[in-house]
Amino acid sequence: MDKIIVYLDDADFAHHQLAPMKNGGSTARQATHWLLVACPPRMTRHISKWVNHAARENWRNKWAEKLFGRVVPGLEAQGDQVTTVLAHGPLVELTQELLSRHGAARVLDARRPKFGQDLQPVTPDQPAADEARWSVPGAIAGMGAALVLAAE
């Protein structure tokens, strides 16, 4: 049985990433065990002022259930086995834990990239974010906006 660990945070984006991985179309199809890992969005540190830990965990669980509710039926419809996991802590450690528990598996990072935010790596050998990429610091963007306003 083929095992694939999939990190996801958006159902629509994950469907596009998983489409080539599905073994559809052939009659001699190998069964796949999908280990879906939900990576909920981070809450700001200021939210702890308004929401207690239990409420945050409850929100994370409901968010993951909603995500899995949109992804799991499509995988189970093909007769594949699906295991769901909610990510807590560093993803590299979670990957190593899942590999030790379930044996050899492929790892797919199907999280939606976010502008101006580097995603946490999921494996120790995953290449680091490109430091030479173009990015605009907030001060320069603010100065540009001030110059545009001054010119008008």
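Please refer to the structure placed before this passage.
Predicted model, so just to flag it, every value in this text is computed and none were measured.

Each value, and the rule that gives it
Residues numbered from 1 in each chain as written. Predicted model: local features only at pLDDT ≥ 70, side-chain atom pairs only at ≥ 80, totals over all residues. Heavy atoms only, no water. Helix = DSSP H or I, 4+ residues; strand = E, 2+ residues; numbered from the N terminus. Buried < 20%, exposed > 50% of the residue type's maximum accessible area, 1.4 Å probe, protein only. Contact = heavy atoms within 4.5 Å. Areas by Shrake-Rupley, 256 points an atom, 1.4 Å probe, with all protein chains shown as cover. Polar contact = N/O pair within 3.5 Å; in protein donor to acceptor, adjacent residues only side chain to side chain. Pairing = 2+ DSSP bridges. Axes fitted to C-alpha atoms, helices over the stretch in contact; angles between N-to-C directions. Core = buried A, V, L, I, M, F, W, Y, C linked by side-chain atoms within 4.5 Å. Parallel < 35°, antiparallel > 145°, perpendicular 65-115°, else oblique. Left-handed = near helix turned anticlockwise from the far one by under 90°. Nonpolar A, V, L, I, M, F, W, Y, C, P; charged D, E, K, R; others polar.

Colleague: Explanation requested: the overall build of the protein chain in the structure shown.
Modeller: In terms of helices and strands, the protein chain carries four helices and four strands. Written out in order from the N terminus, the α and β elements of the protein chain read β-α-β-α-β-α-β-α. Each of the 152 residues in the protein chain was classed as buried or not, and the buried ones make up 28%. For the protein chain, contacts bridging at least 24 residues in sequence account for 77% of all contacts bridging at least 6. Element-wise, carbon and sulfur atoms account for 56% of the exposed surface of the protein chain, whose accessible area totals about 10100 Å².

Colleague: What is the right way to look at the side chain of aspartate 80 in this model?
Modeller: Tracing the sequence through the fold places aspartate 80 in the loop between helix 2 (53-76) and strand 3 (81-86). Residue classification places aspartate 80 among the buried residues on the basis of a relative accessible area of 7%. A distance of 3.3 Å separates a polar atom in the side chain of aspartate 80 from the backbone nitrogen of threonine 32. In this structure the side chain of aspartate 80 is engaged in a polar contact, spanning 3.0 Å, whose partner is the side chain of tryptophan 34.

Colleague: Help me understand the sheet that holds strand 3 in this model?
Modeller: The strands making up a sheet associate through backbone hydrogen bonding, with each pair oriented either parallel or antiparallel. Strands sit in the order 3-2-1-4 across an open sheet of four strands; the sheet is parallel. A strand with exactly one partner marks an edge of an open sheet, and here the two such strands are strand 3 and strand 4 (106-110). Across the sheet, the mean angle separating the axes of adjacent strands is 20 degrees when strand polarity is ignored. The sheet contact formed by strand 1 (residues 2-8) and strand 2 (residues 32-38) spans seven bridges and is parallel. Within strand 2, the residue paired with leucine 8 across the bridge is alanine 38. Each of strand 1, strand 2 and strand 4 touches helix 1 (residues 11-18); the most contacted strand, strand 4, lies at about 135 degrees to it.

Colleague: Would you mind showing me how to read the nonpolar core here?
Modeller: Soluble globular proteins tend to pack their nonpolar side chains together in the buried interior. Judged by nonpolar contacts, the single largest core of 20 residues is most densely connected at Val6, Trp34 and Leu36. Those elements that place two or more of their residues in this core are strand 1, helix 1, strand 2, helix 2, strand 3 and strand 4. Broken down by element, this core gets its largest block of residues, seven residues, from helix 2. Leave out the neighbours within four places in its chain, and valine 6 touches Leu18, Trp34, Leu35, Leu36, Val37, Leu108 and Ala110. Counting residues in hydrophobic clusters, the runner-up holds eleven residues, among them Ile5, Val37, Ala87 and Leu91.

Colleague: Just to check I follow, could you spell out the packing of helix 1 against helix 2 for this structure?
Modeller: To characterise two packed helices, one gives the angle between the axes of the helices and the distance between these axes. Close contact between helix 1 and helix 2 brings their axes to 9 Å; oriented N to C, the two are set at 25 degrees. One element, helix 1, and the other, helix 2, form an angle in the roughly parallel class. In the crossing of helix 1 with helix 2, the sense of the turn from one axis to the other is right-handed. Seen from helix 1, the contacting residues are Ala11, Asp12, His15 and Leu18; seen from helix 2, they are Leu67, Arg70, Val71 and Leu75. Broken down by class, the residue content of the contact of helix 1 with helix 2 amounts to five nonpolar, one polar and two charged.

Colleague: What's the story with the environment of histidine 88 in this structure? I'm lost.
Modeller: Topologically, histidine 88 is positioned in the loop between strand 3 and helix 3 (91-102). For the pair histidine 88 and cysteine 39, spaced 49 residues apart in sequence, the C-alpha separation works out to 8.2 Å. Setting aside chain neighbours within four positions, we find histidine 88 in contact with Glu57 and Arg60.

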